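Single-letter residue listing:
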Amino acid sequence: MAESLALCPRCGAEKDLPLGRCGACGVVPVDAEREIALLCSTRILDVPALRAAQERIRRGEPLRPTEALRARARALLLGEEVASVTFTRGQIAGLALANLLLTPLLGYAVWFRYRTRPGPAARQALFATVPVSLFLLVALVAWRVALLTGNA
Ligand SMILES: [Zn+2]
């Protein structure tokens, strides 16, 4: 998975989500700032370009994105260019295995992450998670019942 990174256009601090609140200065991008905030993230720029933007922000220099970049940010904001996500069979199998061996919360976390993205990813995550969590629930209940009835 590509490194995902976003910068606060006000102070240059790194944050998780381009449109989220900055942990350093507390600013939430609104209106026209949302376009710049999206620009200052790996949704649009690569990491070296982001590092350069971070330097500019910290030096107090204005960012001068090209019109093409601004247009891409606008398109993303309008949801015209949100990439569809599909997991491979290997990824689904890996997720199911991780759900079984670790915790099905993993699968629900993946579902939560992709639930608003177009494409089947969120449904695939549930497909790999719900049966495993039902199985674990039944196994847990059976084990408890066995303990209570003294058969374990
Ligand atoms: Zn900030």
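(A) Structural context of the nonpolar core. Core analysis: the largest hydrophobic core is formed by 13 residues, its most contacted members being Leu7, Leu38, Leu39, Cys40, Leu50 and Ala53. At the level of secondary structure, the elements contributing two or more residues to this core comprise β1 (6-7), α1 (32-39), α2 (47-59) and α3 (67-77). Per-element accounting of this core gives the leading share, 3 residues, to α1. Residues within four places of leucine 7 in sequence aside, it is in contact with Gly12, Glu14, Cys40, Ser41, Leu50, Ala53, Gln54 and Ile57. Counting residues in hydrophobic clusters, the runner-up holds 7 residues, among them Phe87, Val110, Ala121 and Ala125.

(B) View of the environment of glycine 150. Note on placement: glycine 150 falls in the segment after α7 (130-148). When the 6 C-beta atoms within 10 Å are taken as the criterion, glycine 150 is described as exposed. Along the sequence, glycine 150 and alanine 139 sit 11 residues apart, while their C-alpha atoms lie 16 Å from each other.

(C) Highlighting the domain arrangement of the protein chain. Looking at the assigned domains, one finds that the protein chain contains domain 1 (6-77) and domain 2 (89-148). With centres defined by C-alpha atoms, the gap from domain 1 to domain 2 works out at 35 Å.

(D) Fine view of α2. End to end, α2 covers 18 Å across 13 residues, agreeing with the expected 18 Å (1.5 Å per residue, within 8%). Positive backbone phi, approximately 80°, marks glycine 60, located one or two places after α2.

(E) The arrangement of the environment of glycine 23 in detail. By secondary structure assignment, the location of glycine 23 is in the loop between β2 (14-15) and α1. Residue class for glycine 23 comes out exposed when judged on the 11 C-beta atoms lying within 10 Å of it. Apart from residues lying up to four places away in sequence, glycine 23 is in contact with Ala13 and Lys15.

(F) Representation of the packing of α1 against α3 in the model. Taken N-terminus to C-terminus, the directions of α1 and α3 make an angle of 110°; their axes are 9 Å apart at the nearest point. Relative to α3, α1 is oriented roughly perpendicular. Seen from α1, the contacting residues are Arg34, Glu35, Leu38 and Leu39; seen from α3, they are Leu69, Arg70, Ala73, Arg74, Leu76 and Leu77. Taken together, the residues of the contact of α1 with α3 break down into 6 nonpolar, no polar and 4 charged.

Quick notes on the rules
- Residues numbered from 1 in each chain as written.
- Predicted model: local features only at pLDDT ≥ 70, side-chain atom pairs only at ≥ 80, totals over all residues.
- Core = buried A, V, L, I, M, F, W, Y, C linked by C-beta atoms within 7 Å.
- Buried ≥ 20, exposed ≤ 12 C-beta atoms within 10 Å, placed from the backbone.
- Helix = DSSP H or I, 4+ residues; strand = E, 2+ residues; numbered from the N terminus.
- Contact = placed C-beta atoms within 7 Å.
- Domains from an automatic or database assignment.
- Expected span 1.5 Å × (residues − 1).
- Axes fitted to C-alpha atoms, helices over the stretch in contact; angles between N-to-C directions.
- Parallel < 35°, antiparallel > 145°, perpendicular 65-115°, else oblique.
- Nonpolar A, V, L, I, M, F, W, Y, C, P; charged D, E, K, R; others polar.

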